Amino acid sequence: MKRIFVIKEKCTACLNCVVACQKSHAGSDFYAPIRDIEPGRIYIQAVGASPVPLVCMHCEEPACVKACITGAMRKDPDSGIVSNEFTPGKCVGCWMCVMACPYGVISPKAEHGKKMAIKCDLCMKRNGPACIESCPTGAIVYMEEAEFADYKQCLAAVNSI
Amino acid sequence: MPNCYGDCTTCTSSHASIQEMYLQTKELGIETTFDRYRNQLPQCGFGTEGVCCQLCSHGPCRITPKAPRAICGATADTIAARNLLRLEAHGLSAYCHQLEEAIHTLKATAQGKTPYAIREEGKLREIAGLVGLDDSKEKNALALDLAEVLTHELRKGTEEPLALVELLAPKARLQKWSGLGIIPGGPLSELRDALTMAMSNINTDPVSLLLTAMRLSIATGYMGLVATITLQDIILGNPQIGKTRADLGVLDLETVNIVAHGHVPYVAVAVLQEIAGNETLLEKARKAGASGIKLYGSMDTGQELLQRLGTAGQGFGGQLGNWLTQELMVATGAVDLVMMDLNCSIPGMKLAADKFHTRLVSVSHVLRMEGVTDNLDYKPEKVKEQAVQLIEMAIEAYQNRGKVNPVHIPPHQSEVIAGVGVESLLNILGGSLNPLLEVIKSGQIKGIAAVVGCTNNRNGHDSASLTLIKELLKRDILVITAGCVSSGAQIEGLQTLEANSLAGDKLQSICTALGIPPVLNFGSCIDIGRIGIAVTAIANTLGVDTSDLPVAASAPEYLEQKAVADGIFAVAFGLLTHLGPVPPVAGAPLVTKILTCDAEDLTGGKVSVEQDMVKAADIIEAHIQAKREKLGI
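A few points on the structure. (Residues numbered from 1 in each chain as written. Chains lettered and ligands numbered in written order. Predicted model: local features only at pLDDT ≥ 70, side-chain atom pairs only at ≥ 80, totals over all residues. Heavy atoms only, no water.)

### Remarks on the overall build of chain A
Helix and strand content of chain A: six helices and eight strands. Against the globule reference of 15 Å for 161 residues, chain A gives a C-alpha radius of gyration of 16 Å, in line with a compact fold. In terms of overall dimensions, chain A has C-alpha extents of about 55 × 35 × 35 Å along its principal axes. On chain A, roughly 8800 Å² of surface is accessible, and the fraction owed to carbon and sulfur atoms is 58%. Seen as two clouds, the 18 positive and the 16 negative side-chain charges of chain A have centres 5 Å apart. (Helix = DSSP H or I, 4+ residues; strand = E, 2+ residues; numbered from the N terminus. Rg over C-alpha atoms; globule rule 2.2 N^0.38 Å. Areas by Shrake-Rupley, 256 points an atom, 1.4 Å probe, with all protein chains shown as cover. Lys, Arg positive; Asp, Glu negative; His and termini not counted. Charge placed at Lys NZ, Arg CZ, Asp CG, Glu CD.)

Structure (structure tokens):
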């Protein structure tokens, strides 16, 4: 499956990906202030002055799915996408997935008193992830594993000269 | 302070009092700059490197390997140079505001409408004579003439060279500046042209934009700094050596406490006069349960007062701190009223004040803050009544002290020896610069470094400036401070005789012999102009250019736009100018090269952006050593 991969040296912390993610998951109100919409599903953390993008790996054996007490979180066998949005209404906001995820990429959200864990769904309702399109430096890419391995090799070769 | 995780230092301070108060704010649930900094991380690399342009609606455009030019075709260099010029224009604009207010105050004082007086008649006659006025006139009439001349200077066209530049700048400087075509005219006209150039697609040549930045900086130096200081001295008195105390521990539990925060001292001076002479107010304060009324300083307004402890600053209660201290001084709960003027009053201070009884009041018509409803905009003709009103408001507020949250004053404070200026320095030296020059020649003092400007918690509050100062002292380099750096140095006791133990053997022995601290306080950030005057005097005495002297400038924690204008002026003035954090030009290769390298061929000055303060001290020392060798001393 295609996944989001990170080349963190290229990240400049502009947060474009976070904004694009928020907007793509927030319906059609273009003029709503971003901060009011919802938290992003891709994260840029700072370690000292260096930005580090954090994205969901859509794991083969997802810890979040294992930890989910209601069966809301699933890995779709066809697309490989891990999400709790295949099962509307099932997520009760217990945050077990938030605790279990080794990559720290699931966030709690509370809206109108309804609690729900939110995470990257690879923009399944859209044609490809919005974050990838918004990145000005190529710090995040959307590729098949083999394709990314090849790309990494190219980068490593360029850097070695 | 507790470090949450990772290696960031943005919630740390070099001062024990601030560390203590930070814990107190955590306990009370008050969010401060120290917390909000963390929330803003990581910060966008395009803005940090100065290669984001938001001028037109095609943008924002960012420069990347994929997109080496903006939509209009502008390069990283055009964008960064234009952004830098815009920043600087903002700084000069605020300086012009301060000068205009000084001119207005001088006029009203000469007409007998203010509680101030012409205190330095000699200085008035000297500057008046210099600009071609009849200096034998009666002093008040002469002051009105001077106000007229300076108003004209401020407003005249760009094609008429500024009188103060031509009259005060060293000859060698004038030649260089004239060759580069950067002798400015009236600052307001210069601002108009610079901002016009910096509009989309008018001036897109990075070299021309940088030369314009130099031009603005010279207008900043001679009008924004020197002219304003001169007027403030005439009205409030020259700096005089005096002693006071600094740090939050100076706050008195028993008194009504007013803090003057900002840059412009006039209202604070009027408040000090009322405290000293208005028995009715004192009686009101006593009735409210206080033992008296005190006025303290914060930031540069405080520096202006503590430089004049014998004259306009008489009765000053002590200096609380600098920019990063403002929320924490309110969080002591012992401040009844903060009078805010001009720049550097942050919305965060209101958040802290909301947790206490503290009243925030604007005393400047340009300053407004959301949630602050008390605005007593300074009017020279009304300042006496305004001062009374402020004190009454403070007494009223005092009666609610401790009712919302508890009072907590950290016990730390330090002595401060302040009041250095050109005149008081000459006094110490016995009337001539020669003794200073002799000890520089002999190597007792290796050189002089002006460590000036703001405070910035990118590396932790005051950590860069204090590290740099201590490193320079070890290397026998005399340090001069101005601006928020001064408050940081004062709190750590660097402006005391005891601090001489931190200096190298040679510097230590000469400072001990003269009875001066190794870190001399030149005052507020506007007093950087005084350093310019002192350096000019040294250069003229030796018959050399400013760029030949064993001196350097550093703003190790620069924060805002006035500092940008000051920094560029230091380069134009021919000095090695060390800056931290790295100014937003690093994404523009040509601009970076011009500022850090090529500028030396043009003006003799250049920028260094070494962020390791020990290495920065090495660079400054090497520069000073090279200049010494060139002078043959």
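### Things to note about the state of the cysteines
All names here are of chain A. Scanning the model with the defined rule gives zero disulfides over all chains in all. Cys-97 forms no disulfide, and the closest cysteine sulfur to it belongs to Cys-91, at a distance of 6.2 Å. A relative accessible area of 9% means that Cys-97 is categorised as buried. (Disulfide = S-S within 2.5 Å. Buried < 20%, exposed > 50% of the residue type's maximum accessible area, 1.4 Å probe, protein only.)

### A few points about the pattern of salt bridges
Note on pairing: side chains with opposite charge can pair once their charged atoms come close. All names here are of chain B. Counting across every chain of the model gives 40 salt bridges over all chains. Close ionic contact of Arg-286 with Glu-283 constitutes a salt bridge, the shortest N to O distance being 3.5 Å. A residue pair is termed a helical-turn pair when its members lie 3 or 4 positions apart in one helix, as Arg-286 and Glu-283 do in helix α12 (residues 279-287) at three residues. You can call Arg-286 partly exposed: its relative accessible area is 40%. For Glu-283, a relative accessible area of 38% gives the class partly exposed. (Salt bridge = Lys/Arg side-chain N within 4 Å of Asp/Glu carboxyl O.)

### With respect to the side chain of Ser486(B)
Residues and elements named next belong to chain B. Tracing the backbone through its elements, the reader meets Ser-486 in helix α20 (residues 484-491). Among the polar contacts listed, one links the side chain of Ser-486 to the side chain of Thr-481, at a separation of 2.9 Å. When near neighbours in sequence (up to four residues on either side) are disregarded, Ser-486 contacts Gln-303, Thr-481, Gln-495, Asn-521 and Gly-523. (Polar contact = N/O pair within 3.5 Å; in protein donor to acceptor, adjacent residues only side chain to side chain. Contact = heavy atoms within 4.5 Å.)

### So, the packing of helix α19 (residues 463-474) of chain B against helix α25 (residues 613-631) of chain B
Each pair of packed helices can be summarised by the angle the axes make with each other and by the distance between the axes. Residue and element names in this part refer to chain B. Here α19 crosses α25 at 45°, and the two axes come no closer than 9 Å. Between α19 and α25, the angle is such that the two are oblique. α19 and α25 meet at a crossing whose hand is right-handed. For the pair α19 and α25, the contacting residues are Ala-464, Thr-467, Leu-468, Glu-471 and Leu-472 in the first and Met-613, Val-614, Ala-616, Ala-617 and Ile-620 in the second. (Axes fitted to C-alpha atoms, helices over the stretch in contact; angles between N-to-C directions. Parallel < 35°, antiparallel > 145°, perpendicular 65-115°, else oblique. Left-handed = near helix turned anticlockwise from the far one by under 90°.)

### Looking at unusual backbone geometry
Residues and elements named next belong to chain B. Here the amide bond leading from Leu-41 into Pro-42 is cis, since omega sits at -5°, within 30 degrees of zero. Gly-59 connects to Pro-60 through a cis peptide bond whose omega is 0°. Within the secondary structure, Pro-60 is located in the loop between β1 (52-53) and β2 (61-62).

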